[in-house]
Amino acid sequence: MVQYNFKKITVVPSGRDFIDIILSRTQRQTPTVVHKGYPISRLREFYMRKVKFTQQNFHEKLSAIIDEFPRLDDIHPFYRDLLHVLYNKDHYKLALGQVNTARNIVGKIAKDYVRLLKYGDSLYRCKSLKVAALGRMCTVIKRISPSLAYLEQIRQHMARLPSIDPNTRTILICGYPNVGKSSFMNKITRADVDVQPYAFTTKSLFVGHTDYKYLRYQVIDTPGILDRPFEDRNIIEMCSITALAHLKAAVLFFLDVSGSCGYSIEQQAALFHSIKSLFMNKPLIVVCNKIDLQPLEGLSEEDMKFVMEMKTEAIKTVLAQGGDSNDEEVLLTMSTMTDEGVIAVKNAACERLLNQRVEIKMKSKKINDCLNRFHVAIPKPRDTKERPPCIPPAVLEARAKANEEKGKRKLEKDLEEENGGAGVYSANLRKHYILADEEWKEDIMPEILDGHNVYDFVDPDILLRLEELEQEEGLHLEANTDEEDFEMDGKELTEEERQLLAEIRRKKSLLIQEHRMKKSTAESRPIVPRKFDKDKKYTSERMGRELSALGIDPSKAIDRARSRSVTRRGRKRERSLGREGEEGEAMDVDDELSNKKLCTRSRSRSRSKSRPPGEVTPGEGFKDSAQKLKAIKIAKKSVKVRNKAARKGEADRVIPNLKPKHLFSGKRSIGKTTRR
């Protein structure tokens, strides 16, 4: 379990943002309205509350920064030295110390000004003290802006650090740059470390995880180390030195026997001897990598001598731990290119580490508490006769038979290895299907079809039912051949039936023609818009020619079309004069007078006259125009209240929110854009 999670540290705001956050919170969460008519005690309380609230917010924010950043004295030595290598612990402590000092100064400022506000004698004096208190607090925060920016950069970098548990089972890979450390890491874990053919591709610690005997192991890939004095090593190399110094892990020292990394075996051996003090009390394995380019047996005597010296030192570490000196476990060969020996190296490192951890636990005091709970019962012998364990012969025969069958039968794993391995061979899950025909095994049978489970509709007797259906269909076809419908061609009809059939067909054809005529009449056709008649093909002259060609007099149709086409803009509405031949019960009036009246009326009435509002028409139910005007006035007065409330009718119950709170409630006046 990882003890340190640096990703949860909250963001450290800059000095300006810090001040904006605190002052806007003070403005929002404290009262803002005060009048000079208030009692002086109320004025003092108002401004003292603002000062105290601001100091409390500053204190909470600064305390969160101090508490969330790790204290170097309280964390594991590995992380303490790693943070010192990456960030310089003096600068780190100085930045946190400045934040702590600012927190104390802000508290003192608030305390002093609250004491002064108790003796404020006017609104102006109290307000000035409040402004001075907040201004001094903001000045203190501005002075620690560089420390806040530095802590934010550290927080961002710490969030990218790998999650390393210093107390779990760990395998540590070290060596010169470009000797195959990251390639080995990618082979045995799911990590994706960048691998390139140049030195110092890995610039920081990378973590992966692997399993061995149902236990999870932490694999750490360290950056390459060069053989030079401790003072000359850079930050990248110091990360590796820190991990080697503080982590209880199995160390794999990688050795490039081919020399393709750019460093000779002599240089790599010198590095091994310079850092061998860091390998004490740790399981150490020297791994000779890249044997596909240069086998270990093909090395020169001088190089072989350096390898043997490293092997001797590794054996010494084993003996120092009280183990047995086994040459095979100390010096291993492998090739990450061909995967030869990769799993053997991983298993050897995990086994050595596991054995060491078990031995340490056995030597601890906790094992005594556990051993007190165990009791091994040994029965006392009743006589001197030996009774060896007896296995019945039937059981032995059954075991032998099972072993023979196991040797004969090929498993899917064996077939997979014979046919190219995982990813190439795909196991056939259908070969054990029990079907009537062997060819049916490869047929594609869907499990879900049209949203239904196919197995629900499977019938084992489907073939028998199919035969029954085919027989039934054959019987139906035979019965229908005798009762086929004959075609009504008139050969088998009587004379009367023929006449009726002809009449029916004639009526049907008439109905079809009538329907077609209705569809093709001018009423059902769309009018051709003027914009589509740009060439003026559809004119009254053309219509006249076509009607004349059909033998129809076109004059009335042309006059009617022309009368419709005249625009109404220039026409005046006139009273139609009586027709000459009109007779009836007309009033006998003087001809000259009547003609004059008609002329003046037709001239004066170019538009229809509208009635005045008070004019009474028959059927309205009013006695005279005064009564009608009074009724109109009362009606207008009755709807005045409703119209003023902007209601559509008496049933309109909508209550408009004229001043929504989220738009009109605020501390800012017109023209102000600042939040304070």
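Residues numbered from 1 in each chain as written. Predicted model: local features only at pLDDT ≥ 70, side-chain atom pairs only at ≥ 80, totals over all residues. Heavy atoms only, no water.

Observations regarding the packing of aromatic side chains
Across all of its chains, the model carries 11 aromatic pairs by this definition. Between Phe-18 and Phe-58, the ring centres sit 5.9 Å apart and the planes meet at 10°, which makes this aromatic pair stacked. Residue Phe-18 is located in helix H1 (residues 15–29), and its partner Phe-58 is located in helix H2 (residues 40–68); the two are separated by 40 residues in the primary sequence. Comparing Phe-18 with Phe-58 shows no difference in burial state: the two are buried. A ring pair is formed by Tyr-176 and Tyr-263, whose centres lie 4.4 Å apart and whose planes are at 35°; its orientation type is tilted. On the criterion of sequence distance, the pair formed by Tyr-176 in the loop between strand E1 (170–175) and helix H7 (181–188) and Tyr-263 in the loop between strand E4 (250–256) and helix H9 (265–274) is long-range, its members being 87 residues apart. One exposure class covers both Tyr-176 and Tyr-263, and it is buried. The structure contains a cluster of three or more aromatic residues connected by ring pairs, namely Phe-6, Phe-78 and Tyr-79. A cation over an aromatic ring shows up here: Arg-42 above the ring of Tyr-38, its NZ or CZ 3.7 Å from the ring centre. (Phe/Tyr/Trp six-rings, centres within 6.5 Å; stacked < 30°, edge-to-face > 60°. Helix = DSSP H or I, 4+ residues; strand = E, 2+ residues; numbered from the N terminus. Buried < 20%, exposed > 50% of the residue type's maximum accessible area, 1.4 Å probe, protein only. Lys NZ or Arg CZ within 6 Å of the ring centre and 35° of its normal.)

Side note on the pairing of strand E2 (residues 206–212)
Pairing geometry for E2 and strand E3 (residues 215–221), over 7 bridges, is antiparallel. Across the sheet, the residue bridging to Val-207 is Ile-220, located in E3. The hairpin turn running from E2 into E3, its antiparallel successor, is 2 residues long, and Lys-213 in that turn takes a positive phi close to 55°. (Pairing = 2+ DSSP bridges.)

Overview of the packing of H1 against helix H5 (residues 123–143)
Following both chains from N to C, one finds H1 and H5 inclined at 150°, their axes separated by 9 Å at the closest point. With respect to H5, the element H1 is oriented roughly antiparallel. H5 is crossed by H1, and the crossing has right-handed handedness. Facing Gly-15, Phe-18, Ile-19 and Leu-23 of H1, the residues of H5 in contact are Leu-134, Cys-138, Ile-141 and Lys-142. The class makeup of the residues in the contact of H1 with H5 is 6 nonpolar, 1 polar and 1 charged. (Axes fitted to C-alpha atoms, helices over the stretch in contact; angles between N-to-C directions. Parallel < 35°, antiparallel > 145°, perpendicular 65-115°, else oblique. Left-handed = near helix turned anticlockwise from the far one by under 90°. Contact = heavy atoms within 4.5 Å. Nonpolar A, V, L, I, M, F, W, Y, C, P; charged D, E, K, R; others polar.)

That's the geometry; what it means functionally is another story.
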